[in-house]
Amino acid sequence: MSYKPLSNEDDYPLDKDEGARTTPLEHFGSVDEDDELSDDTAKKVFVDEKDGGNGDHELSKSIGNVGPGFRIARYILTAMIFLTVAGLITGSIVLIITSPSCSPKLNWWQTSVIYQVYPQSFQDSGSGNTSGYGDLNGIRSRLDYLKDLGVEAIWLNPIYASPMVDNGYDVSDYRAINPRYGTMGDFHNLLSAVHQKNMRLLLDFVPNHTSDQHKWFQMCVANNSQHFCDYYVWRDSDSFGGPPNNWLSIFGGSAWTYVEAKDQYYLHQFYPEQPDLNYRNKNVKEEIKNILEYWLDMGIDGFRVDAVPFLLEDKEFRNESTNPDYNGTNPFDELIHNYTQNVLGVHAIVQEWRETVDCYSDSDDEKVFIGEVYSSVDTVMEYYGTKKDEFDFPFNFILIDTEAWNATAVREAIKEWWGALPKDAWSNWVLGNHDNPRIGTRVGLNLARALNMLLLTLPGTATSYYGDEIGMTNLEDLPVDGYDERDAERTPMQWNAEENAGFSNSTPWVPVVANYTTVNVEVQTNNNQSMLELYRMLVHLRKNEALKYARFNLLNTSENVIGYRRDKPDADNVAIVLINFANFAITEDISALEHVPKERKFRIAVSTWLNRTEIVDNAAVELGPFEGVVLLATL
Ligand code: NOJ
């Protein structure tokens, strides 16, 4: 894989989007050659053809032998060649001067914000078969809200039939809709309503494991079908009668569960109810490909692929070695997972899926393919594919992994990601999802406003977790029994101050967070300085040419401020973003900073407090505590 070399730590003059451009000059590649074609050259060509190029003596002899008519013809020919060449040169100069500068064409998934909807927590319409849970009709009823927000793509967490041991990541039928969420008819209605609004719908694809209730697993354990047993990973016990090796489940304990009827263990890298599929079996590959095609045929716009690094395991089932850096917090980290994650062969599987997805893409209707890969930054980058033949992007979790929320740490995280991004690869940013505490809880609501600005103005696709646009926070007192601790960040969407936050007429499956009376969509829609209003403005501002392309320079700002320049290739559109991570005011002098155009004035297009729009000189910019501003260069 060729990575972009890091030239200078503080300077990232990178045009990640420019690699594939052709210039008008390239279409006139022959002009230079013709330009060299002087009269002498013409003679030499003539000689070479006549006598094999035997030298000057032969040349004068040949010229001396031609008659006057022939000489005139030769002069006319030479003049014609000269005029043609001159015409070509003039033409190409005119073309270069007059042709519009061309920016790379961007796909919808590069310009859209992707909004993640956790189906059981978004809106209960009452039409699913279980009350208190969100459903597909509920999502459909809220499309106007999303459209108005400026969001153009929706990613749904799994909606397939499932016993819901892992909230849908344990699929029992990949081709059926979970009755809790509605029917296949409801899905079709949702998909066409999304498309009618010129939005896109992405599904979650869960290929690493099925539910233990899936018919394939049941055919194995209940019907003892060897054909279906081979769909999973079975091993004999070790010589002491224990699990085959020391592999661990990410959810705790051994990754192996014993089945008496088979007198063997099966592998599950997540819950025991989620047996891992065996990708060394070609039948499994074929089945999974057919499932991809099933949903693509239905017209969905792309997939988020779950648990990608786990798809294959070591062929020899070797023990994993202990982690010398283990800090004692999560037993899963006691081992180095080199035999269960990112094992040789995983990329080939992703490439095959990518080919399938590409068959459904055309330039007017691209499908998007996104991978969930929690690994080191360098390993994540490999999932772009050496030939851009894997994911359009693997999710960038660097801001999810950030623990120190100061400007220095965040700047370093941004640099690390941007510096490792392969040339021409499309970046992306994520602040929250259903597996991690909400950003509002991690950093507090003041900084969360500023981080929404960061998310929506860094170069690349932004993915937002539902409710982060209003600053929803985790449920602090999640009941212990019957809940996954991650359910604290999966609470009902807070629509209004009515009972159950407007989410459901029935008791919600998980309690609503108590702040819903003030932190909700209705209250914030009526407040023109709310976080929701900020979010909406930022999403709409992303349409500005300065913020669309993959161009980005970090500014050498003061310690507590992150600053960067965004601009359009070959154009005057420039935006400067400044974000103060401190809880005190700072005056940032940008006049001397590299990448800040000296001759321009700026207008504050958005401030995170939504209370200023003044023109600022490119000099001292006042920033309040935790304030971020997007400055747009005025003409
Ligand atoms: C990642 C999903 O995001 C998470 O919610 C799930 O538990 C695991 N994969 C297993 O599918």
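About the criteria used
- Residues numbered from 1 in each chain as written.
- Predicted model: local features only at pLDDT ≥ 70, side-chain atom pairs only at ≥ 80, totals over all residues.
- Heavy atoms only, no water.
- Helix = DSSP H or I, 4+ residues; strand = E, 2+ residues; numbered from the N terminus.
- Buried < 20%, exposed > 50% of the residue type's maximum accessible area, 1.4 Å probe, protein only.
- Contact = heavy atoms within 4.5 Å.
- Near = heavy atom within 4 Å.
- Polar contact = N/O pair within 3.5 Å; in protein donor to acceptor, adjacent residues only side chain to side chain.
- Areas by Shrake-Rupley, 256 points an atom, 1.4 Å probe, with all protein chains shown as cover.
- Nonpolar A, V, L, I, M, F, W, Y, C, P; charged D, E, K, R; others polar.
- Pairing = 2+ DSSP bridges.
- Axes fitted to C-alpha atoms, helices over the stretch in contact; angles between N-to-C directions.
- Phe/Tyr/Trp six-rings, centres within 6.5 Å; stacked < 30°, edge-to-face > 60°.

(A) Examining the environment of valine 606 more closely. For valine 606, the location among the structural elements is in strand S19 (residues 602-607). Judged by its relative accessible area of 2%, valine 606 is buried. If we ignore the near neighbours within four places in the chain, the residues touching valine 606 are Met453, Leu534, Met537, Leu538, Leu541, Gly628, Val629 and Val630.

(B) Quick look at the site of the ligand. In the vicinity of the ligand, the residues found are Asp166, Tyr169, His209, Phe251, Phe270, Arg304, Asp306, Glu372, His434, Asp435, Arg486 and Arg490. The side chain of aspartate 166 places a nitrogen or oxygen atom 2.5 Å from an oxygen atom of the ligand. Arginine 486 is positioned with one of its side-chain polar atoms (N or O) 3.1 Å from an oxygen atom of the ligand. For the ligand, the protein covers 96% of the area, taking 290 Å² as the surface of the free molecule. Looking at the shell around the ligand residue by residue, the classes come out as 3 nonpolar, 2 polar and 7 charged.

(C) Examining the sheet that holds strand S3 (residues 153-156) more closely. Spatially, 8 strands are ordered S12-S11-S10-S6-S3-S2-S14-S13 in an open sheet, and the strand pairing comes out parallel. Looking along the sheet, the strands with just one partner apiece sit at the ends: strand S12 (393-394) and strand S13 (428-430). By the bridge criterion, 4 bridges tie S3 to strand S6 (residues 200-205) in an arrangement that is parallel. From the neighbouring strand, alanine 153 faces S6, where its bridge partner is arginine 200. Across the sheet, helix H8 (residues 184-196) touches S3 and S6, and the angle it forms with S6 is around 135°. Running at roughly 160° to S6, helix H11 (residues 282-298) makes contact with S6 and strand S10 (302-305) of the sheet.

(D) Region of interest: the environment of aspartate 135. Topologically, aspartate 135 is positioned in the loop between strand S2 (113-117) and helix H6 (136-141). Excluding anything up to four places from it in sequence, aspartate 135 contacts Pro119, Gln123, Asp124, Ser125, Gly126, Ser127, Gly128, Arg180 and Tyr181. One polar contact links the side chain of aspartate 135 to the main-chain amide nitrogen of glycine 126, over a distance of 3.4 Å.

(E) Up close: the packing of aromatic side chains. Enumeration over the complete set of coordinates arrives at 38 aromatic pairs. With centroids separated by 6.1 Å and ring planes inclined at 50°, the aromatic side chains of tryptophan 109 and phenylalanine 393 adopt a geometry described as tilted. Here tryptophan 109, found in helix H5 (residues 108-111), pairs with phenylalanine 393, found in strand S12; they are 284 residues apart in sequence, far enough to count as distant. Judged by relative accessible area, tryptophan 109 falls into the buried class, the value being 5%. A ring pair is formed by tyrosine 145 and tryptophan 495, whose centres lie 5.0 Å apart and whose planes are at 80°; its orientation type is edge-to-face. Of this pair, tyrosine 145 sits in helix H7 (residues 143-149) while tryptophan 495 sits in the loop between strand S14 (461-465) and helix H18 (521-525); the two residues are 350 residues apart in sequence, bridging distant segments of the chain. Here tyrosine 145 matches tryptophan 495 in class, with each residue buried. Taken together, Tyr160, Tyr174, Phe187, Trp216, Phe228, Tyr231, Tyr294 and Trp295 form an aromatic cluster joined through their ring pairs.

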